[in-house]
Amino acid sequence: MKFNRREMLACLGSSAAGLAMPMAAWAQSWPSKPIKLVIGYSTGGSTDATARLVGRQLEQRLGQPMVFEYKPGAGASMGAEFVAKSVADGYTIGLTDTGPMAVVPHLRKLAYDPTKDFTPLSYVCATGLAVLVHPSVPASNIKELIALAKADPEKYNYASSGVGSVHHLAGELFKSQAGVKMAHVPYRGAGPALTDLVGGQIPVMFATIGPSLQMISAGKVKALGVTSSKRSKALPDVPTVAEQGLAGYEAVLWFSIVGPANLPAPISARLQKELQASLVDPELIRELEKLGNDDIGPRTPQEVAALVKSEMEKWGRVIKDAHITVDS
């Protein structure tokens, strides 16, 4: 039997329609089972708490349980890699942040590209860092700390949660803009660093605000400034570093929700819609602020993609200028 051109095209069109209909029906039935939310850190920290607050909101709006899966390691890049390599069916998404998306790519060879291997869904929030000092340090503001560091550069070393962390880079950016020399003392996590700061073994630390609030309120450490462009609602009386003379200084840990690349458009749109609704909920905003988060609210996928690109460029320059390697 022979077909003319018109008959062949009609046959092909019919076949394509037959394939498209099950796909459309499948997307409309999504979600029909629990959704996995991947977190690139261990349980119990402020990132975990942030992820759970957002995840519980999504549970209510999507009508399916959220399964929290932890993939700590390599500056949270293990979690990002897991998401990037997952099936793009909407059942695996991830909470990611500045580290694996804008910092770690400059320090390690990764199995993913932050700009190509994800479907951006929504920005979530950001947290600035606090510039903390031991109470014995004779400084009550950033200008005084800079003066001390210039007068005695061997004395005012600073701690961070590890080489290549946002906390480390915040310190390097501070040194560059302030024109001071302060040796970096990396720790294996923020907890041990904060313990040594309280104990007086280290004089200065760049620390995430949320986990530091108790020590600040108890007077065990002093907060001289915050690294965000605006004051933190958790520390409203503490001026920003930029306010205190370092114009344009900003270093924040921002969070976003992403899926694997090529997430089907109907599923991506549904997730974006529910995230946007969640992130303007007053109760969720209050709970996120209690953790030290600010700048809470959705942004478009295009805005998230632009943020990733600009942050990669910014922290890439800092890493290059400071000659930072994972062995430093």
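Fair warning: this is a prediction, and the values are worked out from it, not measured in the lab.

### With respect to the overall build of the chain
Turning to step 1, where the next piece is worked out: Assigned secondary structure in the chain consists of 11 helices and nine strands.
Turning to step 2, where the next piece is worked out: Dimensions along the principal axes, computed over C-alpha positions, put the chain at roughly 95 × 40 × 30 Å.
Turning to step 3, where the next piece is worked out: Relative to its full complement of 328 residues, the chain shows a buried share of 50%.
Turning to step 4, where the next piece is worked out: Long-range pairs, those at least 24 residues apart, make up 76% of the contacts in the chain with a sequence separation of at least 6.
Turning to step 5, where the next piece is worked out: When the accessible surface of the chain is split by element, carbon and sulfur atoms take 55% of a total near 15,400 Å².

### Notes on the packing of aromatic side chains
When we look at a pair of aromatic rings, we describe it by the centre distance and by the angle of the planes.
Turning to step 1, where the next piece is worked out: Within this structure, the stated rule accounts for five aromatic pairs.
Turning to step 2, where the next piece is worked out: On the numbers, 5.5 Å between centres and 80 degrees between planes, the contact of Tyr158 with Phe206 is edge-to-face. Pair noted here: Tyr158 is in strand E5 (residues 158-160) and Phe206 is in strand E7 (residues 204-208), with a separation of 48 residues, a long-range link.
Turning to step 3, where the next piece is worked out: The class of Tyr158 is buried, set by a relative accessible area of 0%.
Turning to step 4, where the next piece is worked out: Note on Phe206: relative accessible area 1%, which makes it buried.
Turning to step 5, where the next piece is worked out: Among the aromatic residues, ring-to-ring pairing joins Tyr158, Phe174, Phe206 and Tyr249 into one connected group.
Turning to step 6, where the next piece is worked out: Above the ring of Tyr123, the side-chain terminus of Arg299 is found at 3.8 Å from the ring centroid.

### Some words on the confidence of the model for the chain
Turning to step 1, where the next piece is worked out: With 91% of its residues at a pLDDT of at least 70, the chain reaches an overall mean of 91.
Turning to step 2, where the next piece is worked out: In this model, residues 15-21 is a region of pLDDT below 50 whose contacts with residues beyond four sequence positions or in other chains number zero contacts.

### Regarding empty space enclosed by the protein
Turning to step 1, where the next piece is worked out: Going through the model one piece at a time under the given rule, you end up with two cavities of 30 Å³ or more.
Turning to step 2, where the next piece is worked out: If you go around the largest cavity, you meet 15 residues; those closest to its centre are Gly40, Gly79, Ala80, Leu95 and Thr96.
Turning to step 3, where the next piece is worked out: Among the secondary structure elements, those contributing two or more residues to the lining of the largest cavity are strand E1 (35-39), helix H3 (77-84) and strand E3 (92-97).
Turning to step 4, where the next piece is worked out: No other element matches the four residues that E3 contributes to the lining of the largest cavity.
Turning to step 5, where the next piece is worked out: Counted by class, the lining of the largest cavity contains 10 nonpolar, four polar and one charged residues.
Turning to step 6, where the next piece is worked out: In this structure, the second largest cavity encloses a volume near 40 Å³.
Turning to step 7, where the next piece is worked out: The wall of the second largest cavity is formed by Ser46, Thr50, Thr127, Thr208, Leu253, Phe255, Leu291 and Asn293.
Turning to step 8, where the next piece is worked out: Where the lining of the second largest cavity is concerned, the elements lending two or more residues are helix H2 (46-62) and strand E9 (252-260).
Turning to step 9, where the next piece is worked out: Each residue belonging to the lining of the second largest cavity can be placed in one class, and the counts come to three nonpolar, five polar and no charged.

### Quick notes on the pattern of salt bridges
Side chains carrying opposite charge are able to pair once their charged atoms draw close together.
Turning to step 1, where the next piece is worked out: Summed over all chains, the structure comprises 12 salt bridges.
Turning to step 2, where the next piece is worked out: Here Glu274 ties to Arg270 by a salt bridge, and the two come within 3.0 Å at their closest N and O atoms. Placement of both Glu274 and Arg270 in helix H9 (residues 265-278) is noted, with a separation of four residues, approximately one turn of the helix.
Turning to step 3, where the next piece is worked out: When its relative accessible area of 9% is taken as the criterion, Glu274 is described as buried.
Turning to step 4, where the next piece is worked out: If you follow the salt bridges from partner to partner, you end up with Lys36, Glu69 and Lys71 in one network.

### Let's talk about the side chain of Ser161
Turning to step 1, where the next piece is worked out: Residue position: Ser161 is located in the loop between E5 and helix H6 (166-178).
Turning to step 2, where the next piece is worked out: At 3.4 Å, the side chain of Ser161 forms a polar contact with the side chain of Ser165.
Turning to step 3, where the next piece is worked out: Sequence-distant contacts of Ser161, that is, excluding residues within four places in its chain, are made with His167, Tyr187, Arg188, Gly189 and Ala190.

### Thoughts on the environment of Ala234
Turning to step 1, where the next piece is worked out: Position of Ala234 relative to the elements: it lies in the loop between strand E8 (222-226) and E9.
Turning to step 2, where the next piece is worked out: The spatial distance from the C-alpha of Ala234 to the C-alpha of Asn293 is 8.0 Å, given a sequence separation of 59 residues.
Turning to step 3, where the next piece is worked out: Once residues lying within four places of it in the same chain are set aside, the contact partners of Ala234 are Ile209, Leu213, Glu289 and Gly292.

### Let's talk about the layout of surface pockets
Turning to step 1, where the next piece is worked out: Approximately 820 Å³ is the volume attributed to the largest pocket.
Turning to step 2, where the next piece is worked out: Lining the largest pocket are 34 residues; nearest its centre among them are Tyr41, Ser161, Ser165, His167 and Gly189.
Turning to step 3, where the next piece is worked out: The set of elements that each furnish at least two residues to the lining of the largest pocket consists of H2, H6 and helix H7 (190-199).
Turning to step 4, where the next piece is worked out: Among the elements of the structure, strand E4 (118-133), E9, helix H10 (282-290) and helix H11 (301-321) are those that each provide at least two residues to the lining of the second largest pocket.
Turning to step 5, where the next piece is worked out: Counting residues per element, the lining of the second largest pocket draws most heavily on E4, which supplies four residues.
Turning to step 6, where the next piece is worked out: Residue classes in the lining of the second largest pocket are distributed as seven nonpolar, four polar and 10 charged.

### Considering the nonpolar core
Turning to step 1, where the next piece is worked out: Within the largest apolar cluster, 76 residues are counted, with the highest numbers of intra-cluster contacts made by Phe174 and Tyr249.
Turning to step 2, where the next piece is worked out: Here this core takes nine residues from E4, the largest share from any one element.
Turning to step 3, where the next piece is worked out: With residues up to four places along the chain from it excluded, the contact list for Tyr249 reads Ala170, Leu173, Phe174, Gln177, Phe206, Thr227, Val241 and Ala242.
Turning to step 4, where the next piece is worked out: Membership of the second largest hydrophobic core comes to 17 residues, among which are Ala193, Ile202, Ala207 and Leu235.

Reading the values: rules and limits
- Residues numbered from 1 in each chain as written.
- Predicted model: local features only at pLDDT ≥ 70, side-chain atom pairs only at ≥ 80, totals over all residues.
- Heavy atoms only, no water.
- Helix = DSSP H or I, 4+ residues; strand = E, 2+ residues; numbered from the N terminus.
- Buried < 20%, exposed > 50% of the residue type's maximum accessible area, 1.4 Å probe, protein only.
- Contact = heavy atoms within 4.5 Å.
- Areas by Shrake-Rupley, 256 points an atom, 1.4 Å probe, with all protein chains shown as cover.
- Phe/Tyr/Trp six-rings, centres within 6.5 Å; stacked < 30°, edge-to-face > 60°.
- Lys NZ or Arg CZ within 6 Å of the ring centre and 35° of its normal.
- pLDDT = per-residue confidence, 0-100.
- 1 Å grid on protein atoms, 1.4 Å probe; cavity = no way out; pocket = protein on both sides within 12 Å on 5 of 7 lines; lining within 4 Å.
- Points joined across faces, edges and corners; volume = space filled by probe spheres on them.
- Nonpolar A, V, L, I, M, F, W, Y, C, P; charged D, E, K, R; others polar.
- Salt bridge = Lys/Arg side-chain N within 4 Å of Asp/Glu carboxyl O.
- Polar contact = N/O pair within 3.5 Å; in protein donor to acceptor, adjacent residues only side chain to side chain.
- Core = buried A, V, L, I, M, F, W, Y, C linked by side-chain atoms within 4.5 Å.

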